[in-house]
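Residues per chain, in single letters:
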Amino acid sequence: MKKIKIILPLCAVLLLIGCEKRLFHFIATITQSPTFPINITGNITGNFQLLIPVNSTAFQNAFAIPAGGRIARVDIESLALRAAAKSGNQATALQVTGVILENGGIQQTILFEQDTIAVGGADAPLSSLKRLNADGIGRLRSKIEGYVKNTTNQSFDIQLTGKIVPSGRSLVIDLQLVLIATAKYDQCLEVPGLFSSGEKCGE
Amino acid sequence: MKPISKLVLGCCIGMFTSLPAQNLEDYVAKYTSENGTQFMQPLADAFGANLNSGFFQSARISPSGLHIYFGVETMIAVIGNDQKTFLAKTEAPFTPQQNVSAPTIFGSSDGASISGTGGTVFNFPGGLALNKLPLAVPQLRIGSLRGTEASLRFVQVKIDETIGRVKLLGFGARHNLSQYIKDSPVDLAAGFFIQKFDVGDIVDASANYYGLQTSYSRGVMTLYGGFGFESASLDISYQYESTAGNVPIAFSLDSANSIRLTAGLAVNVAVVHFHIDYNLAAQNVVTLGLGFGF
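Residues numbered from 1 in each chain as written. Chains lettered and ligands numbered in written order. Predicted model: local features only at pLDDT ≥ 70, side-chain atom pairs only at ≥ 80, totals over all residues. Heavy atoms only, no water.

**What about the packing of aromatic side chains?**
How two aromatic rings sit relative to each other is set out by the distance from centre to centre and by the angle between their planes. To be explicit about the condition: Pairing of aromatic rings covers Phe, Tyr and Trp, the last counted by its six-membered ring, and requires centre-to-centre distances within 6.5 Å; plane angles under 30 degrees mean stacked, over 60 mean edge-to-face, and any other angle means tilted. Where helices and strands are cited, they refer to DSSP runs of H or I of at least four residues and of E of at least two residues respectively, numbered from the N terminus. Each residue gets one of three labels from its accessible area relative to the maximum for its type: buried under 20%, exposed over 50%, partly exposed in between, using a 1.4 Å probe on protein chains only. As a reminder, the over-ring test applies to NZ of lysine and CZ of arginine, requiring each to be within 6 Å of the ring centre and within 35 degrees of the ring normal.
Applying the stated criterion across every chain yields a total of twelve aromatic pairs over all chains. Judged by centre distance (4.1 Å) and plane angle (20 degrees), the rings of B:Phe55 and B:Phe193 are stacked. Pair noted here: B:Phe55 is in the loop between helix H3 (34–51) and strand E1 (64–78) and B:Phe193 is in strand E9 (residues 187–199), with a separation of 138 residues, a long-range link. Assigned by exposure class, B:Phe55 and B:Phe193 land together as buried. Aromatic ring contacts, followed pair by pair, group A:Phe24, A:Phe26 and A:Tyr185 into a single cluster. One residue, B:Arg141, lies across the ring of B:Tyr69, its end atom 4.6 Å from the ring centre.

**Regarding the pairing of E9(B)**
Put simply, the rule reads: Any two strands between which DSSP finds at least two bridges are classified as paired.
Pairing of strand E8 (residues 164–176) of chain B with E9(B), which is carried by eleven bridges, proceeds in the antiparallel orientation. Bridge pairing in E9(B) links B:Lys167 to B:Asp198.

**Some words on the nonpolar core**
Nonpolar side chains tend to gather and get buried jointly when the protein is soluble and globular. Applied cut-off: We define the nonpolar core as a collection of buried residues of types Ala, Val, Leu, Ile, Met, Phe, Trp, Tyr and Cys that are connected through side-chain atoms lying within 4.5 Å of one another. Should any heavy atoms of two residues lie within 4.5 Å, those residues are counted as being in contact.
By size, the foremost hydrophobic cluster in this structure holds 92 residues, and its most contacted members are A:Leu79, A:Leu94, A:Leu140 and A:Leu175. The dominant element in this core, judged by the number of residues it contributes, is strand E9 (residues 171–192) of chain A, at ten residues. For A:Leu94, the contacting residues outside a window of four places in its chain are A:Phe48, A:Ala83, A:Asp115, A:Thr116, A:Ile117, A:Val119, A:Lys163, A:Ile164, A:Leu171, A:Ile173 and A:Leu175. Core analysis: the second largest hydrophobic core is formed by six residues, B:Phe55, B:Phe193, B:Tyr209 and B:Tyr224 among them.

**Let's talk about the state of the cysteines**
What is meant by a disulfide is a covalent connection between two cysteines, made through their sulfur atoms. Residue and element names in this part refer to chain A. Condition: The criterion for a disulfide is a pair of cysteine sulfur atoms lying within 2.5 Å.
Inspection of every chain in the model, using the stated rule, returns one disulfide over all chains. Across the disulfide from Cys188 sits Cys201; the S-S distance is 2.0 Å. Around the S-S axis, the bridge from Cys188 to Cys201 shows a dihedral of about -135 degrees and counts as left-handed. Taken as a pair, Cys188 in strand E9 and Cys201 in the segment after strand E10 (199–200) lie far apart in primary sequence, 13 residues in all. Relative accessible area serves as the criterion here: at 30%, Cys188 is assigned to the partly exposed category.

Have a look at this one:
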């Protein structure tokens, strides 16, 4: 019986011997989706403007790199808007331009330009922004990467300007900006080498 | 967090226990739709096939008398290249929608990336770069009554308060057929095995096997083989705590019903029994077993 007690656990342990450190590449999704109420009535110009402050705290709270991990890169996966109509709304769509404002507005980078999004009901679907500007996305990517790598905490604003369609109608909506970013990070973890074909750490 | 880490702990005892919880969530949480099902399906196939292995190492069952065997069965599912990639689709609101070959959970640890509008990038996660998926379970056999023996597998481990317990319960029976055949040159038996595997309220898996076995013994050696039918399912359900709120993640993964052929060799020295076999099926498995019995 004593032999059994020794040999059986040994079998299980056999699976775990020969542990080696392997490099794994993980992807964490970071989603930020602030909502802003907009109430514009009696505006015959049909224009609107909204300033969205962005700071490092929200991103650092959303993603904490695990101990021993190394962030390889942050990418912007998508930007989308949702316009959900509220009581009194007459607008059917918005034509929106987004600009990144840094250093108090001195540095401006266009993020997307004249993208048209439909105004829907309370459960309006997300409208993907299709007229994204590569320079703006690059700048946004760089800022967020700095936040999650903790190399900068300088805040910036995203300014949304646009036109109400049809012009002059009342705009009473909740406007939600949905930003999806992904952080690729590497981490060396110990796994049974017998079963893994993964990349060895230090290769 | 948290549930998914323990899920894998339960599914792949020994392999993934070293992966921290956040990593495991990051693996799976990227996928919440059709991509997720295809990403996880090879795990269901391999895990189900592992469960359906190691029931027998002989077809010889005594017509009567007390016979007890207790051992550990170690199953190793061999992961083929076709189980390492799948055709993934980018998910909205990323535009434009595109398809790309991406790693499954067993695939390369390098993920796949695809560029979209205005410099956006959709990243598909990499896999665990696994060639084999191991599983080890204890097994008890007791017989025999009119040439019939019963088998039992049972493991129960409490992980923590959040997850609850990992529990594997399996039972089956085999009956000696050669006792009805006069002067049969080989031993023949038929049997079934039913198993249920749970990880708290997160994982609910089941596996079924039934089939015929034959064996031929000479001295301490026994050659054995089997022909059977197997099926398995793996349901996963939990709430992923994302920065945008809780996201329900649910996968219902059924392994294709499969015919299984088994060929193996057992060595029996006094009360010590060792066996190794290869199982040819939709998911191939190597089984090693060591135990004691009389």
